Amino acid sequence: EKMNWIVGGIIDYTEINNPVRGLVYRIVGIGLIILLGAIGFVIVFCSHLTKPIIQLVSSMNEAKEGNLAIRCHLTNKDEIGQMGDVFNQMLENIGELISNIKNASLQVGSAASKLAGHSKDASSTAEITAQNMASITAGASNQAIETSNTLEFSINLGKKLDRLAQNTKEML
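Let me sum up the structure you'll find in this document. (Residues numbered from 1 in each chain as written. Predicted model: local features only at pLDDT ≥ 70, side-chain atom pairs only at ≥ 80, totals over all residues. Heavy atoms only, no water.)

## Examining the overall build of the chain
Each helix and strand in the chain was counted, giving 3 helices and 0 strands. Its helices and strands taken in sequence order, the chain reads α-α-α from the N to the C terminus. Compactness check: the chain gives a C-alpha radius of gyration of 36 Å against a globular reference of 16 Å for 172 residues, more than 25% above the reference. If you line up the chain on its principal axes, its C-alpha atoms span 145 × 30 × 25 Å. Burial status across the chain gives 18% buried among its 172 residues. Intrachain contacts of the chain at a sequence separation of at least 6 include 66% that bridge at least 24 residues. Entry remark: accessible area of the chain is about 13100 Å², with carbon and sulfur atoms responsible for 61%. (Helix = DSSP H or I, 4+ residues; strand = E, 2+ residues; numbered from the N terminus. Rg over C-alpha atoms; globule rule 2.2 N^0.38 Å. Buried < 20%, exposed > 50% of the residue type's maximum accessible area, 1.4 Å probe, protein only. Contact = heavy atoms within 4.5 Å. Areas by Shrake-Rupley, 256 points an atom, 1.4 Å probe, with all protein chains shown as cover.)

## Describing the pattern of salt bridges
Summed over the entire model, instances satisfying the criterion amount to 1 salt bridge. When the shortest N-O distance is used, the salt bridge between Glu 92 and Arg 71 registers 2.8 Å. You can see Glu 92 sitting in helix H2 (residues 79–117) and its partner Arg 71 sitting in the loop between helix H1 (13–64) and H2, a full 21 residues away along the chain. (Salt bridge = Lys/Arg side-chain N within 4 Å of Asp/Glu carboxyl O.)

## Considering H1
The terminal C-alpha atoms of H1 lie 73 Å apart, and with 52 residues this matches the ideal 76 Å at 1.5 Å per residue to within 8%. Along its length, H1 reaches its greatest deviation from straightness, about 25°, at Thr 50, and the proline Pro 52 lies no more than four positions downstream. Along H1, the residues classified as buried are Asn 17, Cys 46, Thr 50, Pro 52, Ile 53, Leu 56, Val 57, Ser 59, Met 60 and Ala 63. Within two residues after H1, Gly 66 carries a phi angle of roughly 115°, on the positive side. (Expected span 1.5 Å × (residues − 1). Bend = angle between axes of the 7 residues up to and from the residue.)

## Overview of the environment of Gly 109
Relative to the helices and strands, Gly 109 is located in helix H2. By relative accessible area, which is 38% here, Gly 109 ends up partly exposed. Sequence separation of Gly 109 and Ala 144 is 35 residues, and the distance between their C-alpha atoms is 19 Å.

## Observations concerning a positive patch on the surface
A cluster of basic side chains, namely Lys 64, Lys 159, Lys 160 and Arg 163, defines a positive patch on the protein surface. Tracing the chain through its elements places Lys 159 in helix H3 (residues 122–171). (Patch = residues over 30% accessible without salt bridge, like charges linked within 9 Å, V, L, I, M, F, W, Y side chains within 5 Å. Lys, Arg positive; Asp, Glu negative; His and termini not counted. Charge placed at Lys NZ, Arg CZ, Asp CG, Glu CD.)

## A look at the nonpolar core
Core analysis: the largest hydrophobic core is formed by 15 residues, its most contacted members being Ile 53, Leu 56, Phe 87, Leu 91 and Leu 161. Elements with a contribution of two residues or more to this core: H1, H2 and H3. (Core = buried A, V, L, I, M, F, W, Y, C linked by side-chain atoms within 4.5 Å.)

## Structural notes on the packing of aromatic side chains
One pass over the full model with this rule turns up 1 aromatic pair. Summarising the aromatic geometry, the rings of Phe 41 and Phe 45 are spaced 6.2 Å apart at their centres and angled 15° between planes, so their arrangement reads as stacked. One end of the pair, Phe 41, and the other, Phe 45, are both in helix H1, 4 residues apart, so they sit about a helical turn from each other. Judged by relative accessible area, Phe 41 falls into the exposed class, the value being 57%. Taking relative accessible area as the criterion, Phe 45 reaches 48% and is therefore assigned partly exposed. (Phe/Tyr/Trp six-rings, centres within 6.5 Å; stacked < 30°, edge-to-face > 60°.)

In short, geometric facts, not functional conclusions.
Given below as structure tokens:
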């Protein structure tokens, strides 16, 4: 036969919460350790990423100021390293263009002094010189335009890299 009794018990609140409290402290402690480790990893990773970008931007700024002898010596094998290599090659090309312009100017000067000594052929020589100067001027003008376009591209790239470096610094 059923008696319909109800059995109750009393357990102290601290007896239940002490094991749970210790578990909560462990979880919070482990979470803080993981968080600090993640923050450290992000700082190291961002520093590794931004250092070559800052170096490349610095080299670009020097080139923008007129120092075309500057080179960016990056050892990275990623896209940033490729950008450094392209930047260096671009400066080499600009240097070659300037050298070609100087050589062409020297040749024009030499040709002009030789022409001055030949009064007999002055008329025909003047016409030839004018044609040569026109083609040299056109070539020099084209080279100057290409140099200007390349420098403008470098400046724009430098500004974008400045913004990227600044955004990266802000993230840190």
